[in-house]
Every structure is written in C-alpha cells, then in structure tokens.
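# Overview (structure and organization)
In case you want the letters, here they are:
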Amino acid sequence: MAEQQVLEVQQGIWIEERWLRNARLGARLQVVVQPGEIRLLEAPTEVSPQEPSETGWKVFRSLGQDASPGRLISASAEHDRYLYGKGS
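Secondary structure assignment for the protein chain yields three helices and two strands. Traced from its N-terminal end to its C-terminal end, the protein chain shows the element sequence α-β-β-α-α. When each of the 88 residues of the protein chain is scored for burial, the buried share is 3%. Long-range contacts, defined as pairs at least 24 residues apart, comprise 2% of the intrachain contacts of the protein chain with a sequence gap of at least 6. As displayed, the protein chain has an accessible area near 8900 Å², and 52% of this comes from carbon and sulfur atoms.

Here the structure, examined in full by the defined rule, presents five salt bridges. Here Glu37 ties to Arg39 by a salt bridge, and the two come within 2.7 Å at their closest N and O atoms. By relative accessible area, Glu37 is classed as partly exposed at 31%. Exposure remark for Arg39: the relative accessible area of 36% places this residue in the partly exposed category. A salt bridge links Arg61 to Glu54; the nearest nitrogen and oxygen atoms lie 3.4 Å apart.

Looking at chain direction, strand β1 (residues 29-34) and strand β2 (residues 37-42) are connected through six bridges and run antiparallel. Note on β2: the bridge partner recorded for Val33 is Ile38. Between the antiparallel neighbours β1 and β2 lie two residues, among them Gly36 with a positive phi of about 75°.

Taken together, the side chains of Leu7, Val9, Ile13 and Ile15 define a hydrophobic patch exposed on the protein surface, amounting to about 340 Å² of accessible area. You can see Ile15 is positioned in the segment before α1 (17-22).

One pass over the full model with this rule turns up one aromatic pair. Considering the side-chain rings of Trp57 and Phe60, the 5.8 Å spacing of their centres and the 85° angle between planes classify their relative orientation as edge-to-face. You can see Trp57 and its partner Phe60 sitting in helix α2 (residues 54-62), three residues apart, about one turn around the helix.

Attention now moves to unusual backbone geometry. Of note in this structure, Arg24 is not a glycine but carries a positive phi near 60°. Along the polypeptide, Arg24 turns up in the loop between α1 and β1. For Arg24, a relative accessible area of 71% translates into the label exposed.

Reading the values: the criteria
- Residues numbered from 1 in each chain as written.
- Predicted model: local features only at pLDDT ≥ 70, side-chain atom pairs only at ≥ 80, totals over all residues.
- Heavy atoms only, no water.
- Helix = DSSP H or I, 4+ residues; strand = E, 2+ residues; numbered from the N terminus.
- Buried < 20%, exposed > 50% of the residue type's maximum accessible area, 1.4 Å probe, protein only.
- Contact = heavy atoms within 4.5 Å.
- Areas by Shrake-Rupley, 256 points an atom, 1.4 Å probe, with all protein chains shown as cover.
- Salt bridge = Lys/Arg side-chain N within 4 Å of Asp/Glu carboxyl O.
- Pairing = 2+ DSSP bridges.
- Patch = residues over 30% accessible without salt bridge, like charges linked within 9 Å, V, L, I, M, F, W, Y side chains within 5 Å.
- Phe/Tyr/Trp six-rings, centres within 6.5 Å; stacked < 30°, edge-to-face > 60°.

Right, dumping it as structure tokens:
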C-alpha cells in the first residue's frame, strides 16, 4: 500500500526507517537528483572494480603521440626545467 505524507522542509527532510523498510530498501542508498524529483534507490552492496579495457589502454598509449616537440634533449631527466622553465 502506498503511503503519502506532505512534509515541511525546515533544515532538511527526515525519512523514517519504516518507510525505507516498507520500500524494501537496504542499508545503502543511491540518491538520484533531477529537476523536480529526488529518487532513492537501493545501492549495490559491492562495487566491483572494472578491469581496464583495451580501448582505454590504446587511448592512454596515444596521449604522447601528438605532443609538441620540446626544447630539451632529455626532458624526463630535466623534468623541472621542461615543465616549469626552472634552471639547475
């Protein structure tokens, strides 16, 4: 059975635990905010890390391919001079 109640916003809104239980939401919630709407969803219990994709690695490897040529012969050995123009 759907339950409705009008709430006055004072410093925030308190959502009673029984409402969460009645909605069968777990202890972890995902809050989705959109214009005119705030939605509570049950959050996944575990977030499994994603394995890097081959496409992602290709993008990462391509980052230096279009770089402008530097002014130093060994920029990695003279990192501060290369990036910040600091002399040694």
